[in-house]
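Analysis of the macromolecular model
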Amino acid sequence: MTLAPPSPQSSPLRIGLAGLGTVGASVLRILRRQENALAARCGRAIRVTAVSARDRTRDRGVDLAGLTWFDDPVALAKSSEIDCLVELIGGSDGPAKAAVEAALASGKSVVTANKALLAHHGVALATLAEEQGVALAFEASSAGGIPVVKTLREALSGNNVTRLYGILNGTCNYILSRMEMEGLTFEACLADAQRLGYAEADPTFDVEGYDTAHKLAILTSLAFGTKIDAEAIHVEGISSIAPLDLKMADELGYRIKLLGVAERTKTGIEQRVHPTMVPKSSAIAQVMGVTNAVTIDADAVREITLVGPGAGGDPTASAVVADIADVARGTAGLPFGLPVARLETPTRAPMQRHEGGYYVRLAVLDHPGAAAAIATRMAEADISLESIVQRRSESAAARDPSGRSGAPVPVVLITYATSESAIRAALEKVSADGHIAEPPQVIRIERE
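Calculation rules
Residues numbered from 1 in each chain as written. Predicted model: local features only at pLDDT ≥ 70, side-chain atom pairs only at ≥ 80, totals over all residues. Heavy atoms only, no water. Buried < 20%, exposed > 50% of the residue type's maximum accessible area, 1.4 Å probe, protein only. Helix = DSSP H or I, 4+ residues; strand = E, 2+ residues; numbered from the N terminus. Pairing = 2+ DSSP bridges. Salt bridge = Lys/Arg side-chain N within 4 Å of Asp/Glu carboxyl O. Core = buried A, V, L, I, M, F, W, Y, C linked by side-chain atoms within 4.5 Å. Contact = heavy atoms within 4.5 Å. 1 Å grid on protein atoms, 1.4 Å probe; cavity = no way out; pocket = protein on both sides within 12 Å on 5 of 7 lines; lining within 4 Å. Points joined across faces, edges and corners; volume = space filled by probe spheres on them. Nonpolar A, V, L, I, M, F, W, Y, C, P; charged D, E, K, R; others polar. Polar contact = N/O pair within 3.5 Å; in protein donor to acceptor, adjacent residues only side chain to side chain.

**Considerations on the pairing of strand E17 (residues 441-445)**
Extensive coverage of E17 is indicated by the burial of five of its five residues. The alternating pattern of E17 places Gln441, Ile443 and Ile445 and Val442 and Arg444 on opposite faces, both of which are buried. Across two bridges, the pairing between strand E10 (residues 268-279) and E17 is parallel. When the bridges of E17 are listed, Thr276 appears paired with Arg444. Here five bridges tie strand E13 (residues 355-364) to E17, and the two strands are oriented antiparallel to one another. By the bridge assignment for E17, Gly357 is matched with Ile445.

Listed below in structure tokens is the structure:
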């Protein structure tokens, strides 16, 4: 049986575009370039009729002639000249939130790429969209051009998802890739990322893991049918990662990636963002540079990995336009795949109860009995060690070939599966014993 396409006589979907930065300008270009194809696929034309941005005089490389300009995005959202608001302003509150709320309250569908807004207000906005019978679509919010939202919400609706994890920030992946391949420091790679435009002048939001956490909060809700719980996410960044950690990871058969991980455990939903050791044999370990990737574990498909550009004008705009097309053809579903009333309040799995293997790097003072004392503390916490690797620095060896320089010696411990609370308690005692010269470096190991 062949389904008839929608009638081409339908009135155009009129778009109000709030935010004309890199992504907004790309959306406008794609909609114009693909105008005929989109009309054929959706059964109706899609036309941008009005725009809003902070600076009317800025040259964005796109022709704005014939478009109604609004200085106030909330006025744009309420305007009778549009049927759908595309919000690309950014920020969890302020004009972005006000404009989206105004559009939904006015009975207009909303397409947004705003991860921070959804992480903090997604459930309330989805409730408003349901009440008004309009769409709230956000494919571009979580992994740029990778269609992970549709995959979780639609393609995997017959699956029970048990875990998802991914590289959700291209800036961090670029820095870690360069550090690994070239032996550079975090600071040197960050400066280069800023020069190339991959990192902001203030990179804190990216490199300390908050950007990844916002994206993870959205994906967790879609994966497990739960209300967004961004406050439950344990967050660590990559600024403490040293070249030695990447070198040791390589020798031990791992790569270090900043991952966002959500998993259903015996104690609840575990959400965490942190540097992670991943086996080189895993699909996600092969993802280098600014590329993003998401791996989903589910009962029917077992494991799938989606890889692609996670940021940038055209990739993100591609996801925005896909959502606009769904609104045009009337196929945009419930924002989180379930009615809001059926989204569960998640039980938070405490990070202290996380279980897995650990990489621990210690700067051990060259004192008699230090190594034995550290091993004893691990044993007292019921932590079994898979391997112990000792590395004397080349400079120390050159100064004193006998090996008795007195300088701290890097010692790396790889543990079998243990708990977060056990590893932290053992290391607290190791530090109190006075055998290490600096705080321990702890990196969790993610299983395949």
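**Observations regarding the pattern of salt bridges**
Pairing is possible between side chains of opposite charge, provided their charged atoms come close. The full count for this structure, using the stated rule, is 28 salt bridges. For Arg153, the salt bridge identified is with Glu154, shortest N-O distance 3.4 Å. According to the relative accessible area criterion, Arg153 is buried, its value standing at 14%. What makes Glu154 partly exposed here is its relative accessible area of 38%.

**Some details on the nonpolar core**
Of all hydrophobic cores here, the largest spans 80 residues; its most connected members are Leu85, Val148, Leu152, Ile175 and Ile238. Among the elements that take part in this core, helix H11 (residues 210-224) stands out by supplying eight residues, more than any other. In this structure Leu85 touches Gly16, Ala18, Leu76, Ala77, Ala99, Val100, Ala103, Ser109, Val110 and Val111, once residues within four positions along its chain are discounted. In terms of nonpolar packing, the next biggest core, distinct from the first, is built from 35 residues, Ala25, Leu28, Ala53 and Val320 among them.

**A word on empty space enclosed by the protein**
Scanning the entire structure with this criterion turns up one cavity of 30 Å³ or more. Considered as a void within the structure, the largest cavity measures approximately 30 Å³ in volume. Forming the boundary of the largest cavity are Ala135, Leu136, Ala137, Arg153, Ala332 and Gly333. In the lining of the largest cavity, the residues fall into four nonpolar, one polar and one charged.

**Points about the environment of Pro350**
Its place among the elements puts Pro350 in the loop between helix H13 (313-329) and E13. Taking the C-alpha atoms as reference points, Pro350 and Gln271, 79 residues apart in sequence, are found 9.1 Å from one another.

**Topic: the side chain of Arg178**
Inspection of the secondary structure assignment puts Arg178 in helix H8 (residues 170-182). For Arg178, a relative accessible area of 15% gives the class buried. Those residues in contact with Arg178 that lie beyond four places of it in its chain are Gly183, Leu184, Cys189 and Asp192.

**Considering the side chain of His214**
Tracing the sequence through the fold places His214 in helix H11. The buried category is assigned to His214, whose relative accessible area is 12%. At a separation of 3.3 Å, a polar atom in the side chain of His214 contacts the side chain of His120. Those residues within four positions of His214 in sequence are excluded, and the remaining contacts are Lys115, Ala116, Ala119, His120 and Phe205.

**A few points about the pairing of strand E1 (residues 13-18)**
Where burial is concerned, most of E1 is hidden: five out of the six residues are buried. Examined bridge by bridge, E1 and strand E4 (residues 84-87) share four bridges and lie parallel to one another. Each residue of the ladder has a partner; that of Ala18, found in E4, is Glu87.

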